[in-house]
Amino acid sequence: MATSDSLGQFEQLVLTAILTLRDDAYGVTIHSKVEELARPKAASLGAVYVTLDRLEDKGFVTSWLSDPTAERGGRAKRCYRLEALGERVLQESALTARRIWESIAEVWGKDWAREWGKRWGKETG
Amino acid sequence: MSSGPSRPAEMIVGILTPPACREEVLGDLHERYRSPLQYGFDALGAVPLVILSRIRRTADPQVLVMQAFALYLSFLTAARFHDGSLLQAQWGLLRLALPAGIALLGLVLEDAYALPGRRSPLRLVRGPIVGICLALLSQGMLRSHNPEIPLQGWILFYGCAMSLLLSSAIRLLFPPIAHGLQGANAPAFWLKRAGSGIGETAQTCIQAIIIAAIVAGAMMAALNSGISPVTVRVAVIAVVFGLVAYQLGKRT
């Protein structure tokens, strides 16, 4: 059964986006990064907002308002930062994903793992 | 060529977006602006979810169950004392639920759209007043379409007055979540009232389903057997009272 410490797939994507964006993590950039990570699936901006709120309620991220900028029509950004608890659950999720990958590779063979490894390599450049 | 959305479009989106997240949502939509159509699609995709998320953050399911009970009980009591025949009539109980449901919606929306950080003694009664105004408005609109559905004037008047009293009393006992500490730098995790976690939300939903099942079962039993409707009503009210008292005891 899911606990408040467990992460859904979309939550993992949003947390990963915040982690990689570092100091530049706010609505628009997080959404772009999530779309990049979730390829070929699309992600709506609204879904990102809902997930950010939920992650904040769980204590995985914190947010603050930055100074207003002209490119945003004089409006502020809400920036996000990963908290220690968020880092821990993201690490656990990454380990689980790795174990899934290894188990599948064990069953479907090394050729399959090599082929998919190449595809992923191409995607990530 | 304009580099941002038109002022009226931005104003409409701004009005629809809850004030607590208006700044960042309007800013993000402005930054993503490419064309009026794209802005419209972006706003349509984001704003409803932002409202729902805000409702999830400001609404306490346990208090909402109590509010729903108080509102329905107000209209039920008003109908019982003014004109008991409404309770026996077909769809009578459902007609009473209409204004109660709309008043509850008003309460929820008022909390979601409340300005964060603003402390006002009126805050506790503003929600019930907004809810009752919405209920009266909906009854007026219904009256113009089908005069048989809305409640009679005096039932509505007494029901609204009692709703205002009971609902305000519940809000005094359990103030809205957004009434507490608010600030951009304070993690929302701390702003939530302690003890209203996900587990408790699920528990409250289960209890609400049990209540609904008991009420539906009792109604079916009354219709299909010879049990006196009065006995059924007393039993249902006793069970619901018991559950609400249990919730109250647990929280206080």
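Residues numbered from 1 in each chain as written. Chains lettered and ligands numbered in written order. Predicted model: local features only at pLDDT ≥ 70, side-chain atom pairs only at ≥ 80, totals over all residues.

Enquirer: Honestly, the overall build of chain B in this entry has me stumped. Any pointers?
Expert: Looking only at helices and strands, chain B has 11 helices and zero strands in total. Within the span of chain B, comprising 252 residues, buried residues form 29% of the whole. For chain B, the share of sequence-separated contacts (at least 6 apart) that also reach a separation of at least 24 residues comes to 75%. (Helix = DSSP H or I, 4+ residues; strand = E, 2+ residues; numbered from the N terminus. Buried ≥ 20, exposed ≤ 12 C-beta atoms within 10 Å, placed from the backbone. Contact = placed C-beta atoms within 7 Å.)

Enquirer: Any chance you could explain the environment of A:A94 here in plain terms?
Expert: In this fold, A:A94 is placed in helix α4 (residues 84–108). Here the alpha-carbon distance between A:A94 and A:R39, two residues 55 residues apart in the chain, equals 18 Å.

Enquirer: Looking at this structure, how should I read unusual backbone geometry?
Expert: Trans is the common state for peptide bonds, and a negative phi is the common state for residues other than glycine. Residue and element names in this part refer to chain A. Following R39, the chain continues to P40 via a peptide bond in cis, the omega torsion being 5°. Relative to the helices and strands, P40 is located in the loop between α2 (27–37) and α3 (45–58). At R22, a residue that is not glycine, the phi angle is positive and equals roughly 55°. Assessed through the 9 C-beta atoms surrounding it within 10 Å, R22 is described here as exposed.

Enquirer: Can you help me understand the interface of chain B and chain A in this one?
Expert: One frequent convention defines the size of an interface as the accessible area lost when the parts assemble. Taken together, the contact pairs 25 residues of chain B with 24 residues of chain A. If you list the elements that add at least two residues to the side of chain B that touches chain A, you get α2 (19–31), α3 (36–58) and α9 (188–191) of chain B.

Enquirer: Hey, could you run me through the domain arrangement of chain B in this one?
Expert: All names here are of chain B. Domain assignment breaks chain B into domain 1 (7–54), domain 2 (59–192) and domain 3 (197–252). On the domain 2 side, the residues contacting the five residues of domain 1 number four residues. Those elements giving two or more residues to the side of domain 1 that touches domain 2 turn out to be α2 and α3. Partitioned by chemical class, the residues of the side of domain 1 that touches domain 2 number four nonpolar, no polar and one charged. (Domains from an automatic or database assignment. Nonpolar A, V, L, I, M, F, W, Y, C, P; charged D, E, K, R; others polar.)

Enquirer: Got a minute to help me understand the confidence of the model for chain B in this structure?
Expert: Low-pLDDT stretches of the model should not have their predicted coordinates read in fine detail. All names here are of chain B. Of the residues in chain B, 69% have a pLDDT of 70 or more, and the chain-wide mean is 79. Contacts from residues 179–187, a stretch scored under 50 in pLDDT, to residues over four places away or in other chains number 15 contacts. Per-residue pLDDT stays below 50 along residues 189–198; that stretch engages in 16 contacts with residues further than four places along the chain or on separate chains. Under the prediction, the complex receives an ipTM of 0.84, its pTM being 0.75. (pLDDT = per-residue confidence, 0-100.)

Enquirer: What exactly am I supposed to notice about helix α7 (residues 123–145) of chain B here?
Expert: Turn by turn, an α-helix covers 3.6 residues, leaving residues three or four places apart pointing in a common direction. Residue and element names in this part refer to chain B. With 23 residues, α7 extends 34 Å between its outermost C-alpha atoms, agreeing within 8% with the 33 Å of an ideal straight helix rising 1.5 Å per residue. Looking at α7, one finds that the buried residues are G127, P128, G131, I132 and A135. In the core, the buried residues of α7 are packed alongside α6 (92–112) and α8 (153–173). (Expected span 1.5 Å × (residues − 1).)

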